[in-house]
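Per-entry structural report
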Amino acid sequence: MYETMIPIKGDLQLCVEAGGNPQNPPIILIMGLGSQMVFWPNSFIQRLIQAGFFVIRFDNRDIGLSSKIYRDDIKISKSNLIQMMLRLQTGLSNRHTKVAYHLTDLAEDTAQLIQALDLGKVHLIGASMGGMIAQILAAQYPHLIQRMGLLFTTNNHPFLPTPKPKQLYTFFKKPDSLNQEDVIRHSLWFMETVGSPGHINIQQTNHIAKIRYQRNFYPRGTVQQLHAILATGAITHYSRQVTAPTLILHGSQDGLLPLSHGRRVARDIPNAQFQLIDGMGHDIPAYYQPFIVQKLAQHFASSI
């Protein structure tokens, strides 16, 4: 993988990595809440490259090595977060809440990245929040998107099930301190809480957590991305505008975004396909990667 910084607008830059043959069909990977691009497993990317794709991953704004957004007029508190979550769950708007940016801004970032790299039409793979960004992007920029694959995502339709209690707690529990050991320990706890039961690779999880910490540890960015999700609210109207052929994959053991979230996305995106992955949680463990990549590669190669 080759890494570089790509300016997209004003002072905003995104850290980008690419691998594979640039002559092959391009895939843009959009990662989820608070997750640097290194959360995309290298083995997963290698399988996509071997399947004949040119693969691009990047850090969203506020995460990793991409530009950080700081506004001292933004209120960040647990009580404010809970209020926004409750309003989202019941279909009430958070538009009145002042936030640093919305998911539409992150979709715009990705569109500008595609254009800056002169990729033409691309395939998209979005995971979790990245899947929300992908839906908005595909709705607003259909001329840039060929086909789309969504992993364990949602469109925040009102009254969908909330995260299960243990997984909901991950939004509020913080590391014991901001030193490397405590942050790595917290990262392992997080993955053991939301990931696929029986498939957590402790050594690999600790390794990625260390890389994340040493690349750039910016917890405010995670909170501001969460605010962007909550302030944007339901994106059902974007889902219904998607024209790109879409495959949704969702694990039966996802407690962070329960299965009905993925089914709702599949219901709202016209002619979408839905694939249940039995036993998978809110991650992409090695055990499921051959199946996931096979399904995605078949979907992207289809002419129907």
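Structure: see above.
Read on for an overview of the structure. (Residues numbered from 1 in each chain as written. Predicted model: local features only at pLDDT ≥ 70, side-chain atom pairs only at ≥ 80, totals over all residues. Heavy atoms only, no water.)

**What to know about the overall build of the protein chain**
Here is the rule: Segments assigned H or I by DSSP are reported as helices when at least four residues long, segments assigned E as strands when at least two residues long, and all are numbered from the N terminus. Here the globule rule is a power law, 2.2 Å times the number of residues to the power 0.38, and the radius of gyration is based on C-alpha atoms. To sort residues, take the accessible area from a 1.4 Å probe on protein chains only and compare it with the maximum for the residue type: under 20% means buried, over 50% means exposed, and anything in between is partly exposed. Accessible surface area values rest on a Shrake-Rupley calculation with a 1.4 Å probe, where residue burial reflects the displayed protein chains alone. Two residue types count as positive, namely Lys and Arg, and two as negative, namely Asp and Glu; His and chain ends fall outside the count. Charge positions come from single atoms, namely NZ of Lys, CZ of Arg, CG of Asp or CD of Glu.
Counting its secondary structure elements, the protein chain contains 11 helices and 8 strands. In terms of overall dimensions, the protein chain is globule-like: its C-alpha atoms have a radius of gyration of 18 Å, near the 19 Å expected for 304 residues. In terms of principal-axis extent, the alpha carbons of the protein chain reach across some 50 × 45 × 40 Å. Sorting the 304 residues of the protein chain into buried and exposed places 55% on the buried side. Here the protein chain has roughly 13300 Å² of accessible surface; of this, 52% comes from carbon and sulfur atoms. Here the protein chain carries 27 positive and 19 negative side-chain charges, and the mean point of each set is 7 Å from the other.

**A word on the nonpolar core**
Applicable threshold: Among buried residues, those of type Ala, Val, Leu, Ile, Met, Phe, Trp, Tyr and Cys that are joined through side-chain atoms within 4.5 Å constitute a nonpolar core. Residue contacts follow a heavy-atom distance rule, with two residues in contact if any of their heavy atoms lie within 4.5 Å.
Core analysis: the largest hydrophobic core is formed by 46 residues, its most contacted members being Ile28, Leu103, Leu124, Leu137 and Ile145. The leading source of residues in this core is helix α4 (residues 129-140), at 8 residues. Leaving out residues up to four positions away in the same chain, Leu124 has contacts with Ile28, Ile30, Ala134, Leu137, Ile145, Arg147, Met148, Gly149 and Phe300.

**Remarks on the pairing of strand β8 (residues 273-277)**
The line we're drawing: In this scheme, strands are said to pair when DSSP sees at least two bridges between them. A right-handed crossover is one whose linking path, passing over the helix from the first strand to the second, runs clockwise when the strands point away from the viewer.
For strand β7 (residues 246-251) and β8, the ladder comprises 5 bridges, and the chain directions are parallel. Counted as the bridge partner of Leu247 is Gln273 from β8. You can see the chain leave β7, run along helix α10 (residues 259-268) and come back into β8, and the turn it takes is right-handed.

**Describing unusual backbone geometry**
Phi is positive for Phe152, which is not a glycine, with a value near 30°. Classification of Phe152 as buried rests on a relative accessible area of 6%. Phi at Asn271 takes a positive value of approximately 60°, unusual for a residue other than glycine. Relative to the assigned elements, Asn271 resides in the loop between α10 and β8.

**Observations concerning the layout of surface pockets**
Our working rule: A pocket, in this scheme, is an open set of points on a 1 Å grid over the protein atoms alone with protein on both sides within 12 Å along at least 5 of 7 lines, while a cavity is a set where a 1.4 Å probe fits but cannot get out; residues line either one if an atom lies within 4 Å of a point. Grid points are joined across faces, edges and corners, and a volume is the space filled by probe spheres set on the points. As a working rule, the residues Ala, Val, Leu, Ile, Met, Phe, Trp, Tyr, Cys and Pro are called nonpolar, Asp, Glu, Lys and Arg charged, and the rest polar, with Gly in that last group.
Space inside the second largest pocket adds up to approximately 170 Å³. Those elements that provide at least two residues to the lining of the second largest pocket are α2 (78-89), α8 (219-232) and α9 (236-239). Looking at the lining of the second largest pocket residue by residue, the classes come out as 6 nonpolar, 7 polar and 2 charged.

**Looking at the environment of Gln50**
Examined against the element boundaries, Gln50 turns out to sit in helix α1 (residues 42-50). A C-alpha to C-alpha distance of 16 Å links Gln50 and Ala286, two positions 236 residues apart in sequence.

**Topic: the packing of aromatic side chains**
Rule in force here: Working definition: a ring pair exists when centres of Phe, Tyr or Trp rings (six-membered ring for Trp) sit within 6.5 Å. Plane angles under 30 degrees give stacked, over 60 give edge-to-face, the rest tilted. By definition here, charges over rings are those cases where NZ of Lys or CZ of Arg is within 6 Å of the ring centre and within 35 degrees of the ring normal.
By the definition in use, this model includes 5 aromatic pairs. When the ring of Phe53 is compared with that of Phe300, the centres are 5.9 Å apart and the planes differ by 80°; the resulting orientation is edge-to-face. Separated by 247 residues along the polypeptide, Phe53 in the loop between α1 and β4 (54-58) and Phe300 in helix α11 (residues 289-301) bring together distant segments of the chain. For Phe53, a relative accessible area of 6% translates into the label buried. Directly above the ring of Tyr101 sits Arg61, whose terminal nitrogen or CZ lies 5.1 Å from the centroid. Geometry around Tyr218 places Lys68 over its ring, the cationic atom sitting 5.9 Å from the centre.

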